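Listed below, chain by chain, are the residues.
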Amino acid sequence: QVQLEESGGGLVQAGGSLKLSCAASGRPFRMGWFRQAPGKEREFVAAFSWRTSGNYYADSVKGRFIISRDNSKNTVYLQMNNLKPEDTAIYYCAADINPGGDYDVWGQGTQVTVSS
């Protein structure tokens, strides 16, 4: 069973940067990042698919966030630049391990707080 361990959250001023990491114990079909702010529903942020070799981004982070990977370590990274207060949320790594299925394995979450 694939397990995920994520890290890299913290407190940063608006305009600053953070880099999140998510290490998987195996190779999923797809790995992504989601976030949930207080009082709001979870939303998609970015993803990488080994099946399509493609990167995908939510419009709200396009041009600011970059997803990358280390294939030898089954690790996905999220470089977050020009952070805004509205980016404040708990960020969750997720993996799709079943063919044709939705995300079904989730990390423990890491807090990202952006101050004004």
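Bear in mind the structure is a predicted one, so any value in this text is a computation, not a measurement. Residue numbers here run from 1 along each chain, matching the order of that chain's written sequence. The predicted nature of this model means local features are confined to residues of pLDDT at least 70 and side-chain atom pairs, given and counted, to a pLDDT of 80 or more, with totals for whole chains, interfaces and linings taken over all residues. Heavy atoms from the whole structure form the basis of all side-chain values; hydrogens and water molecules are not counted.

K.L.:
If you had to explain the overall build of the protein to someone new, which residues and values would you point to?
P.N.:
Of the regular secondary structure elements, the protein holds zero helices and 11 strands. Helix and strand assignments follow DSSP, with helices taken as H or I runs no shorter than four residues and strands as E runs no shorter than two, numbered in order from the N terminus. For the protein, the N- to C-terminal ordering of α and β elements is β-β-β-β-β-β-β-β-β-β-β. Relative to a compact globule of 116 residues, whose C-alpha radius of gyration would be 13 Å, the protein shows 13 Å and is just as compact. Overall size of the protein, expressed as C-alpha extent along the three principal axes, is 40 × 25 × 25 Å. Sorting the 116 residues of the protein into buried and exposed places 45% on the buried side. The contact rule is simple, with two residues in contact once any of their heavy atoms fall within 4.5 Å. For the protein, the share of sequence-separated contacts (at least 6 apart) that also reach a separation of at least 24 residues comes to 52%. Looking at the protein as shown, the accessible area adds up to about 6200 Å², and 45% of this sits on carbon and sulfur atoms. Here the globule rule reads 2.2 Å times residues to the power 0.38, and the radius of gyration is calculated from C-alpha atoms. Buried, partly exposed and exposed residues are distinguished by accessible area as a fraction of the type maximum, computed with a 1.4 Å probe on protein chains only: under 20%, between the cut-offs, and over 50%, respectively. Values of accessible area rely on a 1.4 Å probe in the Shrake-Rupley scheme; residue burial ignores everything except the protein chains shown.

K.L.:
Tell me what's going on with the side chain of Thr88, and back it up with residues and numbers.
P.N.:
By the secondary structure assignment, Thr88 is in the loop between β8 (75–80) and β9 (89–96). On the basis of relative accessible area, Thr88 is assigned to the buried category, the value being 18%. For Thr88, the side chain forms a polar contact with the main-chain nitrogen of Val114, separated by 2.9 Å. For Thr88, the residues in contact, after removing those within four places along its chain, are Ala37, Gln111, Val112, Thr113 and Val114. Here a polar contact is recorded for every N or O atom pair within 3.5 Å, except that within protein the pair must consist of a potential hydrogen donor and a potential acceptor, and residues adjacent in sequence are included only if both atoms are side-chain atoms.

K.L.:
Can you lay out unusual backbone geometry for me, pointing to particular residues and giving the numbers?
P.N.:
Non-glycine residue Ser53 carries a positive phi angle of around 55°. By the element assignment, Ser53 lies in the loop between β5 (43–49) and β6 (54–57).

K.L.:
Go over the sheet that holds β8 with me, naming the residues and quoting the values.
P.N.:
Two strands qualify as a pair provided that DSSP identifies no fewer than 2 bridges between them. Spatial ordering of the open sheet is given by β1-β3-β8-β7, a layout of four strands whose pairing is antiparallel. Two strands close off the open sheet at either side, each with one partner strand: β1 (4–7) and β7 (65–70). Here the average twist between neighbouring strands, direction ignored, is 15°. Here β1 runs beside strand β3 (residues 18–24); their pairing, made up of four bridges, is antiparallel. When the sheet's bridge partners are listed, Leu4 is paired in β3 with Ala24. Whenever a helix is involved, its axis is fitted only over the stretch in contact; in every case the axis is a line through C-alpha atoms, and angles between N-to-C directions fall within 0 to 180 degrees.

K.L.:
Mind laying out the state of the cysteines, listing which residues take part and the relevant values?
P.N.:
A pair of cysteine sulfur atoms is labelled a disulfide when the two atoms are within 2.5 Å. For the structure on display, the rule yields one disulfide. With its sulfur 1.9 Å from that of its partner, Cys22 forms a disulfide with Cys93. Measuring handedness by torsion sign, the sulfur bridge of Cys22 and Cys93 sits at about -80° and is left-handed. Highlighted residues: Cys22 in strand β3 and Cys93 in strand β9, separated in sequence by 71 residues. Judged by its relative accessible area of 1%, Cys93 falls in the buried class.

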